[in-house]
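Spelled out, the chains give:
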Amino acid sequence: MINVNKISLREVRRASHKEFRSNLVENISLNFIPILLRFLGLYFILKIYYAWMNNLNISTTDPQAATARMEHILRDISNNPDSVNNYTIKLDNLSTTVMYLLFLILCLISVGIGYSLVNKFRNSELHLSPMAAFSVFSTKYFFRTIILLIMNIIIFQIGLWLFIIPGVILMLIYSQNMYIYKDDVDAGQGRIFATYRKSAILMRGNKGAFFVLLLEFLILEIINFFTYEILSIWLHPFEQLTFAKFYQTLADNQ
């Protein structure tokens with residue numbers, strides 16, 4: 001029988017807040033590139049949104065005219081469901097490529113930051129330069145990390161196709177496998193499929209806590225969107241610290 005060690009979210013948050021305050025400049029500079037990519041992502045999203053509104057002849061400055069136009073579109077769709085294709089967002093190849101590229105770079109750098117923060121929690125004397133965010137691009141991690149990211153996305157998508165809830169459960173079960181992969185590689189192992197089994201073991205009894213953590217950050221991300229990503233100057237570093245501390249606490253409890 002495997003022992004289940006539940007961790008305290010309060011302690012995880014407290015340790016993350018303490019680390020953020022203690023090394024404020026270091027944590028923000030470490031996350032500078034992801035924060036910048038967030039602003040770029042928002043810029044492209046808004047650019048696509050306003051282009052879409054313009055194509056639909058929906059005014060973004062006249063609420064009355066916009067409402068009338070929306071009513072017309074809804075009537076058209078209700079009378080002719082096939083016409084919905086005339087009103088969907090259509091991205092050109094360049095916009096699609098840029099968005100996917102930004103997302104991939106953001107994911108990889110965030111993983112690199114997570115790896116570095118785990119090392120920081122294990123060695124409080126360790127100084128992290130902004131270049132530590134690029135640690136995942138070393139040959140030691142890079143190629144298998146991309147494979148692991150793709151596999152995680154595929155597993156999550158399959159779960160979502162199975163009525164959403166399975167996708168969320170799979171995401172929670174395998175949420176720690178990126179960190180596990182880092183530790184396995186450092187230990188001279190680094191077998192991709194083994195990380196899924198190890199993550200499932202780590203998350204026994206802690207899926208609920210991690211789900212609550214994700215909900216909290218989802219709410220903060222929604223608020224952040226309405227600040228035009230300004231809040232991400234604090235939020236992104238704190239998210240990275242909290243996820244890394246959550247994993248380190250799980251690992252310590254085993």
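As shown above, the structure is provided for reference.
In this text, all values refer to a predicted model and were calculated from it rather than measured experimentally. (Residues numbered from 1 in each chain as written. Predicted model: local features only at pLDDT ≥ 70, side-chain atom pairs only at ≥ 80, totals over all residues. Heavy atoms only, no water.)

Enquirer: Outline the overall build of the chain, supporting the account with residue identities and numerical values.
Expert: Regarding its fold elements, the chain presents 11 helices and 0 strands. When the elements of the chain are put in sequence order from the N terminus, they spell out α-α-α-α-α-α-α-α-α-α-α. Projecting the C-alpha coordinates of the chain onto the three principal axes gives extents of approximately 60 × 40 × 35 Å. For the chain, with 254 residues in total, the buried portion stands at 38%. Long-range contacts, defined as pairs at least 24 residues apart, comprise 74% of the intrachain contacts of the chain with a sequence gap of at least 6. Total accessible area computed for the chain in this model is approximately 14,900 Å², and 66% of it derives from carbon and sulfur atoms. The average position of the 22 basic charges and that of the 17 acidic charges among the side chains of the chain differ by 9 Å. (Helix = DSSP H or I, 4+ residues; strand = E, 2+ residues; numbered from the N terminus. Buried < 20%, exposed > 50% of the residue type's maximum accessible area, 1.4 Å probe, protein only. Contact = heavy atoms within 4.5 Å. Areas by Shrake-Rupley, 256 points an atom, 1.4 Å probe, with all protein chains shown as cover. Lys, Arg positive; Asp, Glu negative; His and termini not counted. Charge placed at Lys NZ, Arg CZ, Asp CG, Glu CD.)

Enquirer: Can you lay out the pattern of salt bridges for me, pointing to particular residues and giving the numbers?
Expert: According to the stated counting rule, one finds 11 salt bridges in the structure shown. Glu 11 serves as the salt-bridge partner of Arg 14, at 3.1 Å between the closest nitrogen and oxygen. Here Arg 14 and its partner Glu 11 are both found in helix H1 (residues 9–22), 3 residues apart, which amounts to about one turn of the helix. Relative accessible area serves as the criterion here: at 42%, Glu 11 is assigned to the partly exposed category. Taking the shortest distance from any N to any O, the salt bridge between Lys 120 and Glu 26 comes out at 3.4 Å. Of the two residues, Lys 120 is situated in helix H5 (residues 93–122) and Glu 26 in helix H2 (residues 24–30); the sequence distance between them amounts to 94 residues. For Glu 26, a relative accessible area of 11% gives the class buried. Salt bridges linked by common partners bring Arg 122, Lys 140, Lys 182, Asp 183 and Asp 186 together as one network. (Salt bridge = Lys/Arg side-chain N within 4 Å of Asp/Glu carboxyl O.)

Enquirer: Would you mind going over helix H3 (residues 32–55) in detail, with residue names and values included?
Expert: If you check H3, its first and last C-alpha atoms are 35 Å apart, about what 24 residues at 1.5 Å a residue would give, namely 34 Å. Buried within H3 we find Pro 34, Ile 35, Leu 37, Arg 38, Gly 41, Leu 42, Ile 48 and Met 53. Residue Asn 57 follows H3 closely and has a positive phi angle near 60°. (Expected span 1.5 Å × (residues − 1).)

Enquirer: Can you break down unusual backbone geometry residue by residue, with the values?
Expert: Glycine aside, a negative phi is what most residues show, and trans is what most peptide bonds show. If you check the backbone angles, Asn 57 has positive phi at about 60° while not being a glycine. In this fold, Asn 57 is placed in the loop between H3 and helix H4 (63–79). In this model, Glu 229 sits at a positive phi of 70°, which is unusual for a non-glycine residue. Examined against the element boundaries, Glu 229 turns out to sit in the loop between helix H10 (207–226) and helix H11 (232–253).

Enquirer: So what's going on with the packing of helix H6 (residues 142–161) against helix H9 (residues 192–202)? Residues and values would help.
Expert: Two numbers describe how H6 lies on H9: the axes approach to 10 Å, and their chain directions differ by 55°. Classed by the angle they form, the pair H6 and H9 counts as oblique. Taken as a pair, H6 and H9 cross one another with a handedness that is right-handed. Seen from H6, the contacting residues are Arg 144, Ile 147, Leu 148, Met 151, Asn 152 and Ile 155; seen from H9, they are Ile 192, Phe 193, Thr 195 and Tyr 196. Classifying every residue of the contact of H6 with H9 by side-chain character gives 7 nonpolar, 2 polar and 1 charged. (Axes fitted to C-alpha atoms, helices over the stretch in contact; angles between N-to-C directions. Parallel < 35°, antiparallel > 145°, perpendicular 65-115°, else oblique. Left-handed = near helix turned anticlockwise from the far one by under 90°. Nonpolar A, V, L, I, M, F, W, Y, C, P; charged D, E, K, R; others polar.)

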